[in-house]
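Take a look at the letters that make up each chain.
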Amino acid sequence: MAFPSAPSALWSVSLLTVLFVAAVHSNIIYDDNPLQPVTSDETVSVGGTVTLTCHVPETDNSSLQWSNTAQQTLYFGEKRALRDNRIQLHRSTATELSITIGEVQLSDEGEYTCSIFTMPVLTARATVTVLGVPGKPQILGFESAVPEGGKVTLTCTSTGSKPPATLRWYRGEQELEGRPDVVESVPDDPTYNVSSELTLEVSRSDDNALITCAVDHPSLAPGDKRSEHALRVLYSPNVQILPESNLPKEGEKFHLQCLGNGNPEPTSYMWEKKDGELPPLAKIDGAFLRFDLLNKSDNGVYLCDADNGIGNSQGEYKLLVQDPTAMSTSSGVDHAVIGGVVAVIVFILLSLLIVLGRYLIRHKGTYLTHEAKGSDDAPDADTAIINAEGGHSGAEDKKEYFI
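No experiment lies behind these values; they were computed from the predicted model shown.

What counts, and where the lines are drawn
- Residues numbered from 1 in each chain as written.
- Predicted model: local features only at pLDDT ≥ 70, side-chain atom pairs only at ≥ 80, totals over all residues.
- Heavy atoms only, no water.
- Helix = DSSP H or I, 4+ residues; strand = E, 2+ residues; numbered from the N terminus.
- Buried < 20%, exposed > 50% of the residue type's maximum accessible area, 1.4 Å probe, protein only.
- Contact = heavy atoms within 4.5 Å.
- Pairing = 2+ DSSP bridges.
- Axes fitted to C-alpha atoms, helices over the stretch in contact; angles between N-to-C directions.
- Salt bridge = Lys/Arg side-chain N within 4 Å of Asp/Glu carboxyl O.
- Disulfide = S-S within 2.5 Å.
- Core = buried A, V, L, I, M, F, W, Y, C linked by side-chain atoms within 4.5 Å.

J.: An account of the overall build of the protein chain is needed here, citing residue identities and associated values.
T.: Per the secondary structure count, the protein chain includes 4 helices and 25 strands. Per-residue burial for the protein chain yields a buried fraction of 32% across its 403 residues. The contacts in the protein chain between residues at least 6 apart in sequence include a share of 62% that link residues at least 24 apart.

J.: Describe the sheet that holds strand E11 (residues 146–147), listing the residues and the values that go with them.
T.: Spatially, E11-E19-E20-E23-E22 is the arrangement adopted by the 5 strands of the open sheet, whose pairing is mixed. Taken across any chain shown, the strands that pair with only one partner, and hence form the sheet edges, are E11 and strand E22 (282–285). Sheet topology places strand E19 (residues 233–243) next to strand E20 (residues 254–263); 7 bridges connect them, and they run antiparallel. Residue pairing in the sheet places Pro 243 in a bridge with Leu 256 of E20.

J.: Can you explain the sheet that holds strand E6 (residues 87–92)? Please cite residues and give values.
T.: An order of E2-E7-E6 is seen for the 3 strands of this open sheet, with the pairing classed as antiparallel. If you trace the sheet from one side to the other, it starts and ends with strand E2 (50–55) and E6, each paired once. On average, each strand axis in the sheet is tilted by 20 degrees relative to the strand beside it, whichever way the strands run.

J.: Describe the environment of Ser 92, with residues and values.
T.: Here Ser 92 shows up in strand E6. The class of Ser 92 is partly exposed, set by a relative accessible area of 25%. Separated by 14 residues in sequence, Ser 92 and Glu 78 place their C-alpha atoms 6.1 Å apart. Excluding residues within four positions of it along the chain, Ser 92 makes contact with Gly 77, Glu 78 and Leu 97.

J.: Could you give an account of the pattern of salt bridges, naming the residues involved and the relevant values?
T.: Under the counting rule described, the total for this entry stands at 13 salt bridges. Note that Arg 290 is salt-bridged to Asp 285, the shortest N-O span being 3.1 Å. A relative accessible area of 31% means that Arg 290 is categorised as partly exposed. For Asp 285, a relative accessible area of 42% translates into the label partly exposed. Close ionic contact of Lys 296 with Asp 323 constitutes a salt bridge, the shortest N to O distance being 4.0 Å. Here Asp 323 lies in the loop between strand E25 (312–319) and helix H2 (324–370) and Lys 296 lies in the loop between strand E23 (288–291) and strand E24 (300–307), a separation of 27 residues in the sequence.

J.: Explain the state of the cysteines to me, using residue names and the numbers behind them.
T.: Tallied over the entire structure, the rule returns 3 disulfides. Across a sulfur-sulfur distance of 2.1 Å, Cys 258 and Cys 304 are joined as a disulfide pair. In this structure, the disulfide formed by Cys 258 and Cys 304 twists by about -95 degrees around the S-S bond and is classed as left-handed. Of this pair, Cys 258 sits in strand E20 while Cys 304 sits in strand E24, and the two are 46 residues apart along the sequence. For the residue pair Cys 258 and Cys 304, the accessibility class agrees, reading buried in each case. Along the protein chain, the cysteines that take part in disulfide bonds pair up as 1-2, 3-4, 5-6, counted in sequence order.

J.: Provide a residue-level description of the nonpolar core, including the pertinent values.
T.: Residues Leu 52, Leu 64, Trp 66, Ile 99, Ile 101 and Tyr 112 are the most contacted members of the largest nonpolar core, which totals 22 residues. Elements that contribute at least two residues to this core include exactly E2, strand E3 (64–67), strand E4 (73–76), strand E7 (96–101), strand E8 (110–116) and strand E9 (122–131). Looking at which element gives the most residues to this core, the answer is E9, with 4 residues. Excluding residues within four positions of it along the chain, Leu 64 makes contact with Cys 54, Val 56, Tyr 75, Phe 76, Gly 77, Thr 95, Glu 96, Leu 97, Cys 114, Ser 115 and Ile 116. Formed by 21 residues, the second largest nonpolar core is a distinct cluster that contains Val 146, Val 152, Cys 213 and Tyr 235.

Any functional reading would require information beyond the geometric quantities listed.
Below you can see the structure in the form of structure tokens.
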């Protein structure tokens, strides 16, 4: 019988494929055969590269072959059988056949078969699992600011994951508990869309706090895909009055500033003096109350009311104008007192030094005199000589010294 004209190698591959299919459908397993191929299951993410390795403990010079999920031959030994540039030969020896599949797609998932063409044909299967990489999460719900004490509901969504991703919420570094994830399958696609909701009751301390939605998935390293937004909280101002100087002096210029820490910033300020009217020379300049010439009659408690449309708040400051003359006199008196105290301390120290010196001198003279006391009390000359010696040798030791 004559075959159509074609390269003999292709006919050989086709014949071997027929034999392989027959062997696969025969379900014959030769676990104890030293020529039994050995493979391993692999997991790869979409867009990655996977390596399929098939090896046999021993060889009889039979060729190894890899086939895809549709039973199409990929490589027969070193010979490429399928024209797919994503599939490349990695290593081919008498006991091993390894290939790589690059730019992996979801459609590449399934069982791959390694065969050795002995009689009968022996096979081993390797399951390739392809992970669908989830998209960057998108957060909705930050469109407008939230009044203090109100509630905000945020929704985070991530698409294209396989298996379904897990979504996690954070305020800063603190993990928050949202509602259970909602998982939806994508029609005509093996991937999933995942969404999660988080409801917060906000306070002024939450203003500008970073809320983060992070995707947890085996195809990603921790923190690889996350989105974050800052909360905007509206709250009434907290008012504080700051003086230009802590020692306002009579006759000088001076001002008070009303600081309203709120969101938004205050737009309206009202100044008044407690238990009285504002001084005639005091001028209101928005958040400032200015005094062109301070007077002691300006003393009193001043109030500032700030309003930002969300609410209003009031602060107060007690003004006490200082007399510059009295302050100067007081300063001179203070210096005089300090100088007097220093002089007294110096005098006491000098007196102590003089007394101590005189004491040491007197003590030394008495000691030297008592050394020769025995000769003064002796009844006769012989006894005086004995007493005067006092266990000392040399005439110089019995001398008396007076200073």
